[in-house]
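Inside the fold
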Amino acid sequence: MKNPVIAVALSGGIDSLVSGYLLKLKYKHIFGIHFTTGYEKEPVDLLLLEKQLGFPVTSIDLSKNFEKKVIRYFVETYLEGKTPNPCIICNKEIKFGKLLHHAQNMGADFLATGHYATIINPISFLYKKISHCYLEKGSDPLKDQSYFLSLLSENQLRKIIFPLSGMTKEDVKQFAGSKNLTATHPSESQDICFIHDNNFPEFILRKQGIRPQSGNIVDHNGKIVGRHKGLHKYTIGQRRGIDCPAKEPYYVKQIDIKNNILKVCFKKDLSGQTFKIGQINWNFSDRKIIPDIMTKIRYSHKGALSTLTLNGSCGQVVFNEPQNAITPGQTAVFYKDTRVLGAGIIQ
C-alpha cells in the first residue's frame, strides 16, 4: 500500500491536532473526522481545524451508538454493584468500532488518534505484512493510555495509527507552539466526558428514572454500623460518603445488591491477593499459565507481579503480594515489560 488514506479523529484538543499535523507531513491522502456523543458542552469549530491542518474535516453523529454502548453500560454496571470503566468501552465500541467503520466507508485505510500508546502493525513496518499486531505503552509514562486501549482486538489494532507514540506531552505542547496550532478545546479532556458536574449518583438516577433505596451498612462482623442512601453512590475502596463514626475510617469492602447492604471494613482489611477475570481479550501466546506478569487493576494502579491462569475467555489472577481494593467491573490489564498481553473484566 504505497499511498494509504488516513482518517484522523479530531476532538478539538491539542493531542489530536498535533497528530493530524504530523500525519500531513508524512502522507498525501488525509481527512479529518470528528464525532459527537450528544453530551458536548459546546460544538467544535471544524472550520478552524480545517484552516490549521489544511485538509477537510467531517462531523459524524454517533450519539445513538454512544447512548446504547457506553451510557447504558455505565449505568447498568453501577446498578449491579460494580464499577464501570466507560473510556475503555468507548475506545472499543465507539472510537475504534463505529468511528473506524465510518472512516473505512469514507475510503480510509487507517484511523489515527492522539492517544499516547504504541501499536506494532503493518504501517509501523512501511506496510509490510507482519504475522502479529499488538499494543505497547507510549513513551510518556505520565500520559501512557495503553490501559484504556487494552480491550482492542488485533483486527482493530491493524487499522490504527498513534502518531504521538514516541512523544511526551511536553513534546506535543512545544511542537504545537512552534507551528502556531491552537486547540478549539484548550482544557484537558475528563475521564468521564459525559458527566460534567462529576455527580455520578445523580446522573445514574436521572438516566434510570428511579429513587435511591436506603439500607444497612455493616462491618466485617455483620454488625450494623449505619445507613446508606443508595448503593449506586459507592464503589469498592471508597472512603468518602460512608459517614459512620469509628476508631478509624471505614472503606467500602463489598456491595451486596441482592440484600441492599453496604459492607465496610478498615483499610488493613481492604486488600486481596486473588480474583477471577472474565471477557478476556488475549493477544499473546496460548499458554494456560503465565507467571511473572505485571497486572494493573485500575488506571492509577502502578501494577504488581502476578500469575494468570487462563481458561478460555475467563481466568484467575494471583498476585505475589496483596493489593488494595480489587474492584469488580474494573479492567485488569496484563503487561510484560512495555507490551500489553491482554485484559479482562474483574469479576
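This report concerns the structure included in the present document. (Residues numbered from 1 in each chain as written. Predicted model: local features only at pLDDT ≥ 70, side-chain atom pairs only at ≥ 80, totals over all residues. Heavy atoms only, no water.)

Regarding unusual backbone geometry
The test is simple: Every helix listed is a DSSP run of H or I at least four residues long, and every strand listed is a run of E at least two residues long, numbered separately from the N terminus.
Even without glycine at this site, D292 takes up a positive phi of about 55°. As for its position among the elements, D292 is in strand β13 (residues 289–296). Backbone geometry places D337, a non-glycine residue, at a positive phi of 60°. Among the structural elements, D337 can be located in the loop between β16 (331–336) and β17 (339–346).

Focus: the sheet that holds strand β11 (residues 261–265)
Going by this rule: Two strands are said to pair when DSSP picks up at least two bridges between them. Convention adopted: a line fitted to C-alpha atoms gives each axis, helices being fitted over their contacting stretch, and angles between N-to-C directions are expressed from 0 to 180 degrees.
Overall, mixed pairing links the four strands, which are arranged β9-β8-β11-β10 in an open sheet. Taken across any chain shown, the strands that pair with only one partner, and hence form the sheet edges, are β9 (224–228) and β10 (251–256). For this sheet, the mean angle separating the axes of adjacent strands, direction not counted, is 30°. Bridge count between β10 and β11: five bridges; the pairing is antiparallel. Along β11, the bridge assignment pairs Y251 with C265.

Description of the layout of surface pockets
Applicable threshold: Using a 1 Å grid laid over the protein atoms alone, points where a 1.4 Å probe fits but cannot get out form a cavity; open sets with protein on both sides within 12 Å along at least 5 of 7 lines form a pocket; any residue with an atom within 4 Å of a point counts as lining. Grid points are joined across faces, edges and corners, and a volume is the space filled by probe spheres set on the points.
What the second largest pocket holds in volume is close to 740 Å³. Among the secondary structure elements, those contributing two or more residues to the lining of the second largest pocket are α3 (63–79), α4 (86–105) and α7 (200–208).

Here we look at the packing of helix α1 (residues 14–26) against helix α6 (residues 169–178)
Where we set the bar: Angle categories are assigned with fixed cut-offs, so that under 35 degrees is roughly parallel, over 145 is roughly antiparallel, 65 to 115 is roughly perpendicular, and the rest are oblique. A clockwise turn of the near helix away from the far one marks a right-handed crossing, whereas an anticlockwise turn of less than a right angle marks a left-handed crossing. By definition in these notes, contact holds between two residues if any of their heavy atoms fall within 4.5 Å.
Two numbers describe how α1 lies on α6: the axes approach to 10 Å, and their chain directions differ by 65°. Considering the angle they form, α1 stands roughly perpendicular to α6. Note on packing geometry: the crossing formed by α1 with α6 is left-handed. Each of I14, D15, V18, Y21 and L22 in α1 lies in contact with α6, whose residues at this interface are K169, V172, F175 and A176.

Scope: geometric values only; no functional claims are made or implied.
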